[in-house]
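Notes for the structure review
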Amino acid sequence: MTEVNSADQDRGRGAGRERGARGGDGTDGAPPTGESALAGHRPGPGDSPRPGDSARTDGGPRVGGWTRFVTARPRLSLLVALVLTALAVVAGSGVADRLGSGGWQDPTAESTYATKALEREFPASQPNLLLLVDSGRATVDAPAVAAEAKRLAARLATERGVTGVGSYWASGTPALRAEDGHEALIAARITGDEKTASETLDRLAPSYRGTHGPVEIKVGGPVAVQHEMQTTIREDLTRAEFIALPVTLVLLVMVFGSAVAALLPLGVGIVAILGTNAVLRGLTEFTDVSVFAMNLTTALGLGLAIDYALFIVRRFREELATGAEPVTAVGTTLRTAGRTVLFSSLTVAVSLAAMLLFPQYFLRSFAYAGIAVVLLAAAAALILLPAALVLLGHRVNSLDLRRLFRRGEPRTSGDGAAWGRMASLVMRRAPLFAVATTVGLIVLGLPFLGVKFGTADDRQLPSGAASHVVQQHIRDGFPGSPGGGLEVLAEGPATEEQYASYKSRIAALPEALRVDGPLVKGDTAYFTVQPKGEAVGDGAQHLVRELRATEAPFGTAVTGTAAVLVDSKHAIADRLPWAAAFIAIVTLLLVFLLTGSVLIPVQAVLLNALSLTAMFGAVVWVFQDGHLSGPLGFTSPGSIETTLPVLMFCVAFGLSMDYGVFLLSRMKEEYDRTGDHRESVRFGLQRTGGLITAAAVILAVVMVAIGTSRVTNTKMLGLGIALAVLMDAMVVRSLLVPAVMRLTGRATWWAPAPLRRFHDRFGLSEDETREPAATQGEEPGSPSEKTDDRDRDRVEVRG
């Protein structure tokens with residue numbers, strides 16, 4: 001991950017041609033040597049600027065306005081940023097306490113409607129607080145144990161914010177008594193929203209948890225699971241930041257050399273994270289936001305901010321190395337690398353925006369956080385970072401820490417030449433590399449064919465978490481999965497005979513173990529149905545469909561854990577084609593605007609999707625099937641939460657496009673200059689391979705830090721996306737893309753005449769001046785062009 005000395009590599013290329021072909025991806029970063037002896041003339045502070053050379057001050061296309069703003073008042077820009085960041089800290093304070101830990105349900109689903117109706121009419125039917133009463137060596141029916149349990153239940157019924165208290169000792173229900181007779185349950189419902197329920201639990205739990213006479217009380221239930229999950233995520237996020245920040249700083253120093261330059265990307269990331277927290281805090285006033293979104297905020301805030309700042313800073317340092325003044329260098333940087341950063345941020349935001357199409361607020365929360373942090377990271381990189389660079393000037397190269405570990409003068413890294421040689425090797429054996437990498441990625445993704453979808457429960461927490469222990473005791477020791485039954489809401493006037501007839505039809509269903517009820521209140525009633533087998537197994541899901549298909553003389557609605565899962569799967573399946581179409585269409589359009597090609601956008605979408613197969617295969621093999629559960633420290637529930645694959649696809653696809661944009665933009669520039677397809681592929685990978693790999697490693701470090709979370713979904717998200725990012729950078733971009741582009745040849749760049757004219761008018765480029773692929777009657781690949789290419793290669797290898 002050492003920095004490529006592109007200023008030296010560019011010797012002999014000719015300044016006039018180089019100005020039109022120089023990389024806006026920022027990959028041509030120069031080392032902090034200050035060398036500027038170029039074969040061709042590069043404009044200095046006293047020269048008359050040519051078109052496209054100096055920072056535009058005429059409000060030129062796309063970036064002239066903000067270039068002028070940043071370079072004219074850099075101190076004011078930073079002061080305003082400092083004030084806004086301070087306000088963001090205040091506005092975003094306490095955001096974690098206002099975030100929810102649910103959001104997996106479809107708010108328009110039948111199960112959601114039935115749940116709300118039962119909460120309103122029959123609070124005891126929806127208990128969210130469970131007190132596990134352990135009688136020790138005695139049985140739960142022992143007089144002393146029963147007396148103490150009844151006393152605790154009566155006391156709980158008098159607590160503010162608690163309703164629907166019931167217990168084994170009051171009802172005698174076998175489902176509330178463990179099979180060994182030494183444990184039983186007191187159930188209740190804490191009223192209010194998630195925040196209110198969490199506050200009530202904080203107030204009640206200390207006085208009930210622990211030893212009470214002959215019994216030991218453990219506190220569990222959904223509200224306890226949610227509360228413990230929120231607390232765990234907050235603690236894990238703080239730990240992840242302490243891990244990621246110093247490691248990232250070390251890696252940045254290795255990439256940049258200069259400690260000053262290395263600190264700039266971290267500053268951009270911190271601004272993006274704080275700003276996004278303020279945005280999320282504001283959104284909680286209008287809608288529900290998941291606490292899990294904070295993990296994405298940290299990961300993308302650091303990862304993308306570092307990526308964008310990496311390209312900006314390296315391009316700025318290159319301009320300084322050519323003798324340009326800081327203001328001129330910033331202008332050129334924004335016109336080139338700045339445009340690519342802006343375009344790249346849009347592609348990532350598009351992928352994340354697709355999650356807004358889903359009804360679950362868990363997914364929508366990631367869209368809110370992701371879009372906000374991506375746009376804020378891009379804004380900070382394009383406005384605040386250039387202002388800081390204007391003020392720093394050549395001091396951006398200060399504190400070269402790599403001098404401590406090397407002898408003599410700094411040497412040019414050979415990374416660029418090595419990437420170029422690898423690209424040439426891949427293209428010489430293009431069919432072999434294309435087939436081998438494609439087959440390998442498909443094989444890695446095969447475990448996903450056995451995916452089983454489930455719901456998030458207490459097993460997301462560590463095995464020692466108090467609420468997890470309670471739920472595990474219930475799963476292992478109580479009959480009929482208490483809390484995992486199905487509730488059938490019956491609405492409308494009915495007679496006892498009609499209720500009895502309907503109950504008998506339910507009892508006859510092959511997947512029904514037991515039917516209790518009805519409990520009637522006016523014209524509303526409900527039945528409780530215990531499924532055979534697991535609460536969310538295939539049998540329970542089939543029972544949900546059977547219950548909904550069973551005729552009744554009144555209106556019915558089914559809810560329960562399995563019903564929520566069935567509705568969630570239906571909602572995902574219903575919206576997934578629309579989300580996929582949205583991502584594909586917008587990505588195709590954006591990549592076409594970048595390249596002007598019809599085939600490249602299709603390749604980008606397909607290869608990006610292929611790069612994610614390893615991630616999905618690993619998710620099933622590790623987290624569903626439980627391999628590596630010991631070393632990674634999690635409990636496998638035997639399924640994958642329904643929304644997780646959608647979330648991981650949108651995030652990883654966007655990050656893949658982020659790297660793809662930088663590679664394609666470099667290839668496009670070289671092809672426009674030379675018309676040599678093979679050379680443009682080689683040159684693009686040579687100039688971006690090392691930098692993309694460095695950026696991917698840094699982002700993977702951040703995601704792995706997130707993956708150290710004790711919450712399984714967060715662990716899965718962090719480690720899965722880290723794997724996807726590394727596979728994309730090291731396999732797809734390095735091997736598969738050049739192999740496929742070699743096979744498609746010059747047809748890669750073809751577009752019909754109407755689309756070509758459209759691109760000429762509206763397409764995105766990194767410089768206003770373009771030279772045609774072949775000028776003055778000279779065909780691409782002519783002897784003079786080949787000679788120039790050989791000269792350039794010799795200079796690049798020599799460094």
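Residues numbered from 1 in each chain as written. Predicted model: local features only at pLDDT ≥ 70, side-chain atom pairs only at ≥ 80, totals over all residues. Heavy atoms only, no water.

Glancing now at the overall build of the protein. If you tally the helices and strands in the protein, you get 27 helices and eleven strands. Among the 799 residues that make up the protein, the fraction classed as buried is 57%. Partitioning the intrachain contacts of the protein with sequence separation of at least 6 by distance along the chain shows that 81% fall at a separation of at least 24. When the accessible area of the protein is evaluated, it comes to approximately 30,900 Å², of which 61% is carbon and sulfur surface. (Helix = DSSP H or I, 4+ residues; strand = E, 2+ residues; numbered from the N terminus. Buried < 20%, exposed > 50% of the residue type's maximum accessible area, 1.4 Å probe, protein only. Contact = heavy atoms within 4.5 Å. Areas by Shrake-Rupley, 256 points an atom, 1.4 Å probe, with all protein chains shown as cover.)

What follows deals with the side chain of Gln 360. Within the secondary structure, Gln 360 sits in the loop between helix 12 (326–353) and helix 13 (361–392). Overall, Gln 360 belongs to the buried group, its relative accessible area being 0%.

With that out of the way, let us pick up the nonpolar core. In terms of nonpolar packing, the biggest core is built from 151 residues, with Phe 292, Tyr 308, Val 374 and Leu 647 touching the most fellow members. Residues within four places of Leu 647 in sequence aside, it is in contact with Met 355, Phe 362, Leu 363, Phe 366 and Leu 717. (Core = buried A, V, L, I, M, F, W, Y, C linked by side-chain atoms within 4.5 Å.)

For the rest of this paragraph, the subject is a nonpolar patch on the surface. Judged by side-chain polarity, Leu 76, Leu 79, Val 80, Leu 82, Val 83, Leu 84 and Leu 87 come together as a nonpolar surface patch covering roughly 650 Å² of accessible area. The topology assignment puts Val 83 in helix 4 (residues 74–92). (Patch = residues over 30% accessible without salt bridge, like charges linked within 9 Å, V, L, I, M, F, W, Y side chains within 5 Å. Salt bridge = Lys/Arg side-chain N within 4 Å of Asp/Glu carboxyl O.)

Another point: the environment of Thr 688. Residue placement: Thr 688 occurs in helix 24 (residues 677–707). In the structure, Thr 688 is positioned 22 residues away from Arg 666 in sequence and 7.6 Å away in space, judged by C-alpha atoms.

The next thing to look at is the environment of His 212. Residue position: His 212 is located in strand 4 (residues 210–212). Classification of His 212 as buried rests on a relative accessible area of 12%. Leaving out residues up to four positions away in the same chain, His 212 has contacts with Glu 148, Arg 151, Leu 152, Arg 155, Ser 207 and Ile 217. Of note is the side chain of His 212, whose polar atom sits 2.8 Å from the backbone oxygen of Tyr 208. (Polar contact = N/O pair within 3.5 Å; in protein donor to acceptor, adjacent residues only side chain to side chain.)

Attention now goes to the packing of helix 12 against helix 13. At their nearest, the axes of helix 12 and helix 13 sit 10 Å apart, and the two run at 180 degrees to each other. Judged by the inter-axis angle, helix 12 sits roughly antiparallel to helix 13. Between helix 12 and helix 13, the residues in contact are Pro 326, Val 327, Val 330, Leu 334, Gly 338, Val 341, Leu 342, Ser 345, Val 348, Ala 349, Leu 352 and Ala 353 and Ala 367, Gly 370, Ile 371, Val 374, Ala 378, Leu 382, Pro 386, Leu 389 and Val 390, respectively. The residue inventory of the contact of helix 12 with helix 13, partitioned by class, reads 18 nonpolar, three polar and no charged. (Axes fitted to C-alpha atoms, helices over the stretch in contact; angles between N-to-C directions. Parallel < 35°, antiparallel > 145°, perpendicular 65-115°, else oblique. Nonpolar A, V, L, I, M, F, W, Y, C, P; charged D, E, K, R; others polar.)

This next bit is on the confidence of the model for the protein. The predicted model of the protein averages 80 in pLDDT, with 84% of residues at 70 or higher. Summarising per-element confidence for the protein, the mean pLDDT is lowest in helix 2 (residues 15–21) (37) and highest in helix 15 (residues 430–445) (95). Contacts for the low-pLDDT stretch residues 407–415, under 50 throughout, to residues beyond four places or in other chains number ten contacts. Note on residues 766–799: pLDDT is under 50 here. Beyond four places in sequence and across chains, it has 69 contacts. (pLDDT = per-residue confidence, 0-100.)

A separate point is the sheet that holds strand 4. Sheet architecture is open: five strands sit in the order 2-3-1-5-4, paired in antiparallel fashion. Because the sheet does not close on itself, it has two edges, and the strands there are strand 2 (162–167) and strand 4. Geometrically, the sheet is characterised by an average inter-axis angle of 25 degrees between neighbouring strands, direction not taken into account. Sheet topology note: the strand 2/strand 3 (residues 183–190) ladder contains four bridges and is antiparallel. Opposite Thr 163, over in strand 3, you have Arg 189 as the bridge partner. (Pairing = 2+ DSSP bridges.)

Our next topic: the pattern of salt bridges. Summed over the entire model, instances satisfying the criterion amount to 22 salt bridges. A salt bridge links Arg 189 to Glu 119, with the shortest nitrogen-to-oxygen separation between them at 2.8 Å. Placement of Arg 189 in strand 3 and of Glu 119 in helix 5 (residues 110–121) is noted, with a sequence separation of 70 residues between them. Note on Arg 189: relative accessible area 14%, which makes it buried. Of the residues examined, Glu 119 reaches a relative accessible area of 30% and is grouped as partly exposed. For Asp 567, the salt bridge goes to Arg 548, with nearest N and O atoms at 2.8 Å. Here Asp 567 is found in helix 19 (residues 561–595), whereas its partner Arg 548 is found in helix 18 (residues 538–549), with 19 residues between them in sequence. On the basis of relative accessible area, Asp 567 is assigned to the buried category, the value being 10%. The structure contains a network of salt bridges with shared partners spanning Glu 235, Asp 236, Arg 239 and Arg 710.

Here the structure, examined in full by the defined rule, presents 13 aromatic pairs. When the centroid spacing of 5.4 Å and the interplanar angle of 80 degrees are considered together, the rings of Tyr 502 and Phe 554 count as edge-to-face. Taken together, the positions of Tyr 502 in helix 17 (residues 496–507) and Phe 554 in the loop between helix 18 and strand 10 (555–560) put the pair 52 residues apart, joining distant regions of the chain. Per residue, the accessibility class of Tyr 502 equals that of Phe 554, and both read buried. An aromatic cluster of three or more residues is present, and its members are Tyr 499, Tyr 502, Phe 527 and Phe 554. Directly above the ring of Tyr 208 sits Arg 155, whose terminal nitrogen or CZ lies 4.4 Å from the centroid. (Phe/Tyr/Trp six-rings, centres within 6.5 Å; stacked < 30°, edge-to-face > 60°. Lys NZ or Arg CZ within 6 Å of the ring centre and 35° of its normal.)

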